[in-house]
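Overview (structure and organization)
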Amino acid sequence: MKLSFFKRLKEDGISLKKAYIRLVVFAVVVSCVLIFATFRSFFAFLRLSRATDEYIDLQGSVYELMEASDYLTEKVRRFTVSGELEYLNDYFREATENRRREKAVERLSEMPNAQSVIDPLKLAQQESDALMKREYYAMKLVIAAKGYSEYPEIPQDVTLSAVDLALSAEEQLRTASNMLLDEDYYDRKDFIRSNMKKSIEELKIITQEVQAKSSSALRTDIIVVCVLIVVQTAGILVMVRLTFLLGLKPVLKAVNRIKEDRPLPVIGANEFRYLARTYNKMYEVYKQSIAHLNYKASHDELTRVYNRMGYNLLLSGMELKTTVMLLIDANKFKQVNDTHGHEIGDRILQKVAKTISRYFRSDDYICRIGGDEFIVLMAHAEKLEKEMIAAKIRRINTDLANVDDGLPTVSICAGIAHGKDASDAEDLFVKADQALYQSKHDHTDCTFYGENAEQ
């Protein structure tokens, strides 16, 4: 039976000092390599962090442009519906003073290696500028119909045709409203959104490439660090045995924490404390990265909109008093599903989700909470714009009635409630559900909570 290392040291007459020096040299070498690997890991993490920060900044600029474009559309539509000059003033304040669209493109232009991201954004902005001419014309019609004498200056090249000047005030208002709700207007808005989405996809590709390289380097360095930890731990155990120092306890605790998927305790020698802090930083980044991967958990796989979990998360973080809830149901979906099969039923649900998303703002949230049950959460809605919402529902049903895609005709009905009328999120859902029930009972496109005395 072979003698143990310590017995052989004693029998061979090797001095403890010599053995200790060898162990110290071994420990120093291992520690140096470990520190080097840790710094490499830290710098790999910095590269990954910079790539993520740049992506967030770029994405924020893209959404800023999208938000500004939707804001202008919202204001001009409200002006054509209500005729109130405050909306017109808001529109021109955004277009001429805030200029978020132009500033977003300028910020993106300063980013290196972002040409593939910027090009579709410029196309979107050009189309948005072109669309403004239609909006200016609609404004002129409303101004003429209302007889306003004082209003923000509209470009001089926008003049009403003799035909439109001859229309009555009511016809001018109707013409203005139709200009912002017709198929061509929505197609052009879709072109703007599709270019913005293309920009975001390009941004994702660029960022994923950088993140993939940084993540690969980080993984390699972490493996090296882990191997070095094991080697250094063995050396420390021998050193502890020879010098009677207490170093085993923090190592064992660290191993247990790793098995339990918990941060390391910052105890023991200074080198170990440094290692623990570095590991904990990487552990925190890892946990945050896992949290960022929760898309699948919060989105419906079939329709790509938020699922019930996503709905609950969204609602928990929204300001209820400025939120409008639309509870939407597909009429006679079960009958269509039973007649044509589940595959057609799934395609219909995808069409319903896509059509609903098309007619709502980018900062509104579309959720599928049941088989054929959807919810739209309209954020930052100080007022309940009934006419505008009703017009959206009608347009959605018009598109759903189109059978060019080979799918059976389907329609939706909706119950709408405003958060200011509800005590909490559950109460808001109950009120929207009551309005939906009334809409089904009356066979109408939509019902607003409180319109029926029974509610």
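All of these numbers come straight from a predicted model, not from anything done at the bench. Throughout, a residue's number is its position along its own chain's written sequence, starting from 1. Per-residue local features of the predicted model are confined to residues with pLDDT of at least 70, and side-chain atom pairs are confined, for both listing and counting, to 80 or more; whole-chain, interface and lining totals are unaffected and use all residues. Only hydrogens and water are set aside; all other atoms, that is, all heavy atoms of the structure, feed into the side-chain values.

Some details on the overall build of the protein
Helix numbers and strand numbers start at the N terminus; a helix is a DSSP run of H or I with at least 4 residues, a strand a run of E with at least 2. From N to C terminus, the protein includes 16 helices and five strands. Burial classification: accessible surface area is computed with a 1.4 Å probe over protein chains only, and a residue below 20% of its type maximum counts as buried, one above 50% as exposed, and the rest as partly exposed. A total of 455 residues make up the protein; the buried ones form 44% of that total. Any two residues whose heavy atoms approach within 4.5 Å are treated as being in contact. Taking contacts inside the protein between residues at least 6 apart in sequence as the whole, the part at least 24 apart equals 69%. For every accessible area listed, the method is Shrake-Rupley and the probe measures 1.4 Å; residues are considered covered only by the protein chains on display. Accessible surface, the protein as shown: approximately 25200 Å² in total, 55% of it carbon and sulfur.

Remarks on the confidence of the model for the protein
Do not read the fine detail of predicted coordinates wherever pLDDT is low. Looking at any residue, its pLDDT shows the predictor's confidence there, from 0 to 100. Counting all residues, the mean pLDDT for the protein is 80, and 80% of those residues have values of 70 or more. Highest mean pLDDT in the protein belongs to strand 4 (residues 412-418) (96); lowest belongs to helix 1 (residues 5-12) (48). For residues 8-13, every residue scores under 50 in pLDDT, and the model assigns this stretch four contacts once sequence neighbours within four places are set aside.

Looking at the pattern of salt bridges
Salt bridges are defined as contacts in which a side-chain nitrogen from Lys or Arg sits within 4 Å of a carboxyl oxygen from Asp or Glu. On inspection of all chains with the given rule, the structure shows 24 salt bridges. Two residues, K75 and D90, come together in a salt bridge whose shortest N-O distance is 3.4 Å. Of the two residues, K75 sits in helix 2 (residues 16-82) while D90 sits in helix 3 (residues 85-98), which places them 15 residues apart along the sequence. Across this residue pair, the class does not change: K75 and D90 are buried.

Regarding the sheet that holds strand 2 (residues 365-368)
Backbone hydrogen bonds hold the strands of a sheet together, and the pairing may be parallel or antiparallel. By this definition, two strands are paired if DSSP reports at least two bridges between them. Taking strand neighbours across the sheet as the criterion, the five strands line up as 2-3-1-4-5 in an open arrangement whose pairing is mixed. For this open sheet the edge positions go to strand 2 and strand 5 (446-448), each flanked by a neighbour on one side alone. Going from strand to strand, the sheet's axes swing by 20° on average, the running direction of each strand aside. Where strand 1 (residues 324-330) and strand 4 come together, seven bridges link them in antiparallel fashion. Directly across from D329, in strand 4, lies its bridge partner C413. Here, axes are lines fitted to C-alpha atoms. For helices the fit covers the stretch in contact, and angles between N-to-C directions go from 0 to 180 degrees. The strands that helix 14 (residues 342-358) touches are strand 1, strand 2, strand 3 (373-378) and strand 4; relative to strand 3, the one it contacts most, it runs at about 15°.

Some remarks on the packing of helix 3 against helix 5 (residues 115-146)
Following both chains from N to C, one finds helix 3 and helix 5 inclined at 150°, their axes separated by 12 Å at the closest point. Between helix 3 and helix 5, the angle is such that the two are roughly antiparallel. Regarding helix 3 and helix 5, the two cross each other, and that crossing is left-handed. Contacts between helix 3 and helix 5 involve L88, Y91, F92 and A95 from the former and M132, E135, Y136, M139 and I143 from the latter. Think of it as three bins: nonpolar holds Ala, Val, Leu, Ile, Met, Phe, Trp, Tyr, Cys and Pro, charged holds Asp, Glu, Lys and Arg, and polar takes everything else, Gly as well. Considered class by class, the residues forming the contact of helix 3 with helix 5 number eight nonpolar, no polar and one charged. Oblique is the label for every angle not falling under 35 degrees (roughly parallel), over 145 degrees (roughly antiparallel), or within 65 to 115 degrees (roughly perpendicular). Each crossing is labelled by how the near helix is turned from the far one, with a counterclockwise turn of less than a right angle marking it left-handed and a clockwise turn marking it right-handed.

Re helix 14
Expected helix span is taken as 1.5 Å per residue step, with the number of steps being one fewer than the number of residues. The end-to-end C-alpha distance of helix 14 is 24 Å, a good match for the 24 Å that 17 residues give at a rise of 1.5 Å each. Buried within helix 14 are the following residues: I344, G345, I348, L349, K351, V352, A353, T355, I356 and R358.

Some points on the nonpolar core
Buried Ala, Val, Leu, Ile, Met, Phe, Trp, Tyr and Cys residues form a nonpolar core when they are joined through side-chain atoms within 4.5 Å. In this structure, F79, Y91, F92, Y136, M139, I154 and M196 are the most contacted members of the largest nonpolar core, which totals 34 residues. Here this core gets eleven residues from one element, more than from any other, and that element is helix 5. Discounting chain neighbours no more than four positions away, the residues touching Y91 are L72, K75, V76, M132, E135, Y136 and M139.

Concerning the pairing of strand 1
Consecutive residues of a regular strand have side chains that alternate between opposite faces of the sheet. Across the seven residues of strand 1, seven count as buried, placing the element largely inside the fold. Residues of strand 1 alternate between two faces, with V324, L326, I328 and A330 on one and M325, L327 and D329 on the opposite face, all of them buried. In the sheet, strand 1 pairs with strand 3 via six bridges, with the strands oriented antiparallel. Bridge assignment links D329 to a residue of strand 3, and that residue is E373.

Things to note about unusual backbone geometry
Backbone geometry places R304, a non-glycine residue, at a positive phi of 70°. By the secondary structure assignment, R304 is in the loop between helix 11 (295-298) and helix 12 (308-316). At H443, a residue that is not glycine, the phi angle is positive and equals roughly 55°. Mapped onto the elements of the fold, H443 is located in the loop between helix 16 (425-442) and strand 5. Given a relative accessible area of 73%, H443 falls into the exposed group.

Side note on the packing of aromatic side chains
Here the aromatic set is Phe, Tyr and Trp, taking the six-membered ring for Trp, and pairing holds for ring centres within 6.5 Å; pairs whose planes are under 30 degrees apart are stacked, those over 60 apart are edge-to-face, and all others are tilted. Scanning the entire structure with this criterion turns up six aromatic pairs. Between F92 and Y136, the ring centres sit 5.8 Å apart and the planes meet at 10°, which makes this aromatic pair stacked. Residue F92 is found in helix 3, and its partner Y136 is found in helix 5; the two are separated by 44 residues along the sequence. As far as burial versus exposure is concerned, F92 and Y136 are alike and both buried. An angle of 85° between the planes, with centres 6.4 Å apart, marks the rings of Y185 and Y186 as edge-to-face. For the residue pair Y185 and Y186, the accessibility class agrees, reading buried in each case. Aromatic rings pair up to connect Y91, F92 and Y136 into one cluster. Taking NZ or CZ as reference, R100 lies 5.5 Å from the ring centre of Y71, over its face. We call a charge positioned above a ring when the Lys NZ or Arg CZ atom is no farther than 6 Å from the ring centre and deviates by at most 35 degrees from the ring normal. The ring of F360 has K392 lying over it, and the distance from NZ or CZ to the ring centre is 5.3 Å.

Examining helix 16
The first and last C-alpha atoms of helix 16 sit 26 Å apart over 18 residues, in line with the 26 Å expected at 1.5 Å per residue. Here helix 16 has its buried residues at D427, L428, K431, A432, A435, L436, Q438 and S439. Here a polar contact is taken to be a pair of N or O atoms separated by no more than 3.5 Å, where protein atoms must pair a possible hydrogen donor with a possible acceptor and residues adjacent in sequence count only if both atoms sit in side chains. Sitting at the head of helix 16, D424 places a side-chain oxygen 3.3 Å from the backbone nitrogen of E426. H443 sits one or two residues past helix 16 and shows a positive phi near 55°.

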